[in-house]
Amino acid sequence: DHLPLDDAKTYALLNRGDTVGVFQLESGGMRDLCRKFNISSVEHITALIALYRPGPMESGMIDDYVARKHGRKAVAYLVPELEPVLRETYGVIVYQEQVMKIAGALANYSMAEADDLRKAMGKKIPEIMAAHRERFCKGAVAAGLDPAKAASIFDLMEKFGGYGFNKSHSAAYALIAYQTGYLKAHFPVEFLAALLTSEMGSIDNIVKFMAECRTHNVCVLPPDVNTGFKEFTVDEGRIRFGLVAVKNVGESAIEAILEAR
């Protein structure tokens, strides 16, 4: 709970895509995205998790975001009022909360109305969206915005809002992703032993994480009735195979072995 959130070693691990076993970041596509992204904050991980979904991937949002982040594409705002809301995501609407903030800042929506707009965008119900378009444009014009710009902003919100992800959800995931990345970067042997222990019921995952041990030059010692335990344990910088993961060896048998020992 008290890890520093600016740890260079953790970000180096994420940026080289060394994320097998790291919460939310271990799929092949996500690892590729980590390598392209140049992650340097928990906010970046939050955006990654929100963007790596079918809608944003199919719409080209991810490429757009990465290009803006690396300065290959200019970050532009239709009106200056959008900058405080969209600055952290380089002018791209990534989160549902941003849609709500835009509605409040530009069209004087109450928080309850903004939440209704968020729900309507997610469900894409044409009649409700038409009513919100009218409400938004009227409110934005009353607040001094040009009618054509108000309509363009609503188009933008409608386009990206449908893909928007809940930021509070994404941020919670990002923190756990960072914490697991930190543990892997600083305590690789203990982290891999814990991963193996957590997957003792799945042979496929045991095989996957054993391969990850080899990738990191971590030696996995064979099962041993004299020194082993139920779980995978760390033994002088190596991992001792957990006895529960041995096929057809029940917990009661292991308890008897441990007691006798």
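The coordinates are above.
Now for a description of the structure that goes with this document. Numbers given for residues are sequential positions, taken from 1 along each chain in its written order. With pLDDT at 70 or above as the cut-off, local features in this predicted model cover only qualifying residues; side-chain atom pairs require 80 or more to be listed or tallied, and sums for whole chains, interfaces and linings still use all residues. As a convention, hydrogens and water are excluded, and side-chain values are obtained from all of the structure's heavy atoms.

**Remarks on the overall build of the protein**
Alright, step 1. Comment: elements are numbered from the N terminus, with helices defined as DSSP H or I runs of at least four residues and strands as E runs of at least two. Secondary structure assignment for the protein yields 14 helices and three strands.
Alright, step 2. With respect to the principal axes defined by its C-alpha atoms, the protein has extents near 80 × 35 × 35 Å.
Alright, step 3. The buried share among the 261 residues of the protein stands at 42%.
Alright, step 4. Residue pairs at least 24 apart in sequence account for 56% of intrachain contacts in the protein once pairs closer than 6 positions are excluded.
Alright, step 5. In these tables, accessible area is a Shrake-Rupley quantity obtained with a 1.4 Å probe, and a residue counts as shielded only by the protein chains included in the view. Of the roughly 13,400 Å² of accessible surface on the protein, 55% is carried by carbon and sulfur atoms. Type-normalised accessible area, obtained with a 1.4 Å probe on protein chains alone, sets the label of each residue: buried when under 20%, exposed when over 50%, and partly exposed for intermediate values. Whether two residues are in contact is decided by their heavy atoms: any pair within 4.5 Å suffices.

**Observations regarding the side chain of Thr180**
Alright, step 1. Mapping Thr180 onto the fold places it in helix α11 (residues 167-186).
Alright, step 2. You can call Thr180 buried: its relative accessible area is 16%.
Alright, step 3. The definition of a polar contact used here is a pair of N or O atoms within 3.5 Å, where within protein one atom must be able to donate a hydrogen and the other to accept one, and adjacent residues in sequence count solely through side-chain atom pairs. At 3.2 Å, the side chain of Thr180 forms a polar contact with the backbone nitrogen of Phe23.
Alright, step 4. Once residues within four sequence positions are removed from consideration, Thr180 is found in contact with Gly21, Val22, Phe23 and Phe191.

**Comments concerning the packing of aromatic side chains**
Working definition: an aromatic ring pair is given by the centre-to-centre distance plus the angle between the planes.
Alright, step 1. Only the six-membered ring of Trp is used, alongside the rings of Phe and Tyr, when aromatic pairs are assigned; centres must lie within 6.5 Å, and planes under 30 degrees apart are stacked while those over 60 apart are edge-to-face, with the rest tilted. Summed over all chains, the structure comprises eight aromatic pairs.
Alright, step 2. Where Phe136 meets Phe154, the ring centres are 5.6 Å apart and the plane angle is 50°; that geometry is what we call tilted. Taken together, the positions of Phe136 in helix α9 (residues 126-142) and Phe154 in helix α10 (residues 147-161) put the pair 18 residues apart, joining distant regions of the chain.
Alright, step 3. Taking relative accessible area as the criterion, Phe136 reaches 0% and is therefore assigned buried.
Alright, step 4. Relative to Tyr182, the ring of Tyr178 has its centre 6.4 Å away and its plane inclined at 40°; by these criteria the two rings are tilted. Of this pair, Tyr178 and Tyr182 both sit in helix α11, separated by four residues, roughly a single helical turn.

**Looking at the side chain of Gln98**
Alright, step 1. Within the fold, Gln98 resides in helix α7 (residues 96-107).
Alright, step 2. Separated by 2.9 Å, the side chains of Gln98 and Thr89 make a polar contact.
Alright, step 3. Among the polar contacts listed, one links the side chain of Gln98 to the backbone nitrogen of Tyr95, at a separation of 3.0 Å.

**Thoughts on the pattern of salt bridges**
One side chain can pair with another of opposite charge once the charged atoms of both are near each other.
Alright, step 1. In the sections that follow, a salt bridge refers to a side-chain nitrogen of Lys or Arg positioned within 4 Å of a carboxyl oxygen of Asp or Glu. Taken as a whole and judged by the stated rule, the model has 18 salt bridges.
Alright, step 2. Between Asp64 and Lys73 there is a salt bridge, with the nearest N and O atoms lying 2.6 Å from each other.
Alright, step 3. For Asp64, a relative accessible area of 14% gives the class buried.
Alright, step 4. The partner of Glu212 in a salt bridge is Lys184, and the shortest N-O contact between them spans 2.6 Å. Here Glu212, found in helix α13 (residues 203-215), pairs with Lys184, found in helix α11; they are 28 residues apart in sequence, far enough to count as distant. Across the pair, exposure class does not vary: Glu212 and Lys184 are buried alike.

**A few points about helix α1 (residues 8-15)**
Alright, step 1. Burial in α1 covers these residues: Thr10, Tyr11, Leu13 and Leu14. Here the buried residues of α1 occupy an arc of 155° about the axis, which is enough to place them on one side. The directions considered for the arc run from the helix axis to the C-beta atoms.

**Things to note about the nonpolar core**
Alright, step 1. To define a nonpolar core, start from buried Ala, Val, Leu, Ile, Met, Phe, Trp, Tyr and Cys residues and group those joined through side-chain atoms within 4.5 Å. Membership of the largest hydrophobic core comes to 57 residues, with the highest contact counts inside it found for Leu25, Ile45, Ile102, Phe136, Ile153 and Met157.
Alright, step 2. Of the residues forming this core, the biggest block, seven residues, is contributed by helix α3 (residues 42-51).
Alright, step 3. When neighbours within four sequence positions are excluded, Phe136 is seen to be in contact with Ile102, Ala103, Leu106, Ala107, Tyr109, Ala150, Ile153, Phe154 and Met157.

**Observations regarding the sheet that holds strand β2 (residues 233-235)**
The strands that make up a sheet are held in pairs by hydrogen bonds between backbone atoms, and each pair lies either parallel or antiparallel.
Alright, step 1. At least two bridges found by DSSP between two strands is the condition for calling them paired. If you walk across this open sheet you meet the three strands as β1-β3-β2, and the pairing is mixed. Looking at the sheet topology across the chains shown, the edges are occupied by β1 (220-221) and β2.
Alright, step 2. Sheet topology note: the β2/strand β3 (residues 238-240) ladder contains three bridges and is antiparallel. Along β3, the bridge assignment pairs Val234 with Ile239.
Alright, step 3. Its contacts with the sheet put helix α12 (residues 188-198) on β2 and β3, and the angle it makes with β3 is roughly 20°. Working convention: axes come from line fits to C-alpha atoms, limited for helices to the stretch in contact. Angles between N-to-C directions cover 0 to 180 degrees.

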